[in-house]
Amino acid sequence: PHYHNLSPNNMLSRHVFVPLVSQDSKQALEPGLAESWKAVDDTTWEFKLRRNVKFFDGSDFTADDVLATFKRVPNVPRSPSSFASFIAGLTVEKVDSHTIRIKTAAPAPLVPTNLSTFGIVSKACAETLSTEDFNAIKCQSGTGPFKYTEFKPGDRIVMERNNAFAGAKPDWEKVTFRFLTAAPTRVAALLAGDVDVIEGVPPSDMARLKSNANLEVVQELSNR
């Protein structure tokens, strides 16, 4: 988490690491780990955090985890595309165990939107683990609907359902995400039954896939 601000990374990360503010399929803001937020004055935002949320390791989610995450985000070594710009100029204060306030130098109406871009990790992991440690799954510090159990760079990520997730439970107990970067390879894998779902369908293959009675093609607008 927090290493590379790139759409495929962010899409996978969102299954595991929940941000303070989430987005629905149309990018409308909705509660994440913050149950509510409001502008206290022109330069102050207050976020009320969800209670009774636990990380995968069983530890409780509190404001301390948010502060530790904010400290980690701009300091991930060798990050090729940092999330630091989303919190630049913000000062975070702990009000109590489940309330934080964010101060800005000038009015900043996009603070909730910016905080929807990265997930929160536990204080223990934020302060001690490197990118390599996270990749090696040395700390289960997510709160999302899935927890990752295997990561083979360039090949796959395996996730299992988090049965303690506070929101709607996923339909699948286990999901394997495979990295098929070439469009023809993705289509071939789908047609062969090697994978169940692909994204990034090539326009040139759309008519052929739509005509296949064994497949369903789903389309909608997105920001991509």
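Residues numbered from 1 in each chain as written. Predicted model: local features only at pLDDT ≥ 70, side-chain atom pairs only at ≥ 80, totals over all residues. Heavy atoms only, no water.

**Student:** Explain the packing of aromatic side chains to me, please; I cannot follow it from the model alone.
**Tutor:** To describe a pair of aromatic rings, one takes the distance between the centres and the angle between the planes. Summed over all chains, the structure comprises five aromatic pairs. Ring geometry for Trp-37 against Phe-47: centres 6.3 Å apart, planes inclined by 25 degrees, an arrangement best described as stacked. With Trp-37 in strand β3 (residues 34-41) and Phe-47 in strand β4 (residues 44-49), the pair connects residues that are 10 residues apart, well separated along the chain. Between Phe-83 and Phe-86 the ring centres are 6.3 Å apart and the planes differ by 40 degrees, which places this aromatic pair in the tilted class. (Phe/Tyr/Trp six-rings, centres within 6.5 Å; stacked < 30°, edge-to-face > 60°. Helix = DSSP H or I, 4+ residues; strand = E, 2+ residues; numbered from the N terminus.)

**Student:** What's the story with helix α2 (residues 63-72) in this structure? I'm lost.
**Tutor:** Within an α-helix, residues lying three or four positions from one another point in the same direction, as the helix has 3.6 residues per turn. Of all 10 residues that make up α2, seven are buried, and the element is covered over most of its length. Along α2, the residues that are buried comprise Ala-63, Asp-65, Val-66, Ala-68, Thr-69, Phe-70 and Arg-72. Contact partners of the buried residues in α2: β4, β5 (91-96), β6 (99-103), α4 (123-128) and α5 (131-135). (Buried < 20%, exposed > 50% of the residue type's maximum accessible area, 1.4 Å probe, protein only. Contact = heavy atoms within 4.5 Å.)

**Student:** What is the right way to look at the state of the cysteines in this model?
**Tutor:** Put plainly, two cysteines are in a disulfide when a covalent bond ties their sulfur atoms together. Evaluation of the coordinates by the stated rule reveals one disulfide. The disulfide bridge from Cys-125 ends at Cys-139, spanning 1.5 Å between sulfur atoms. Of this pair, Cys-125 sits in helix α4 while Cys-139 sits in the loop between α5 and β7 (146-152); the two residues are 14 residues apart in sequence, bridging distant segments of the chain. (Disulfide = S-S within 2.5 Å.)

**Student:** Would you mind showing me how to read the pairing of strand β8 (residues 156-161) here?
**Tutor:** Look at any regular strand and the pattern is simple: side chains alternate between the two faces of the sheet. Both β7 and β8 contribute to a ladder of six bridges, which runs antiparallel. Along β8, the bridge assignment pairs Lys-147 with Glu-160. The turn linking β7 back onto β8 is made up of three residues, and Gly-154 within it adopts a positive phi angle of 80 degrees. Sheet topology places β8 next to strand β9 (residues 174-178); five bridges connect them, and they run antiparallel. Bridged to Val-158 within β9 is Thr-176. (Pairing = 2+ DSSP bridges.)

**Student:** Would you take a moment to explain the sheet that holds β3 for this structure?
**Tutor:** Spatially, four strands are ordered β3-β4-β6-β5 in an open sheet, and the strand pairing comes out antiparallel. At either end of the open sheet lies a strand with only one pairing partner, and these are β3 and β5. Between one strand and the next, the sheet's axes are offset by a mean angle of 25 degrees, whatever the strand orientation. Summarising the sheet, β3 and β4 pair through six bridges and their orientation is antiparallel. When the bridges of β4 are listed, Ser-36 appears paired with Lys-48. Taken strand by strand, α2 contacts β4, β5 and β6, and its axis lies near 170 degrees from that of β5. (Axes fitted to C-alpha atoms, helices over the stretch in contact; angles between N-to-C directions.)

**Student:** Sorry if this is basic, but what is going on with the sheet that holds β7 here?
**Tutor:** Strand-to-strand pairing in sheets goes through backbone hydrogen bonds, with the strands running parallel or antiparallel. Judged by pairing direction, the sheet is antiparallel, and its three strands sit side by side in the order β7-β8-β9 without closing on themselves. A strand with exactly one partner marks an edge of an open sheet, and here the two such strands are β7 and β9. Averaged over neighbouring strand pairs, the angle between their axes works out to 20 degrees when direction is ignored.

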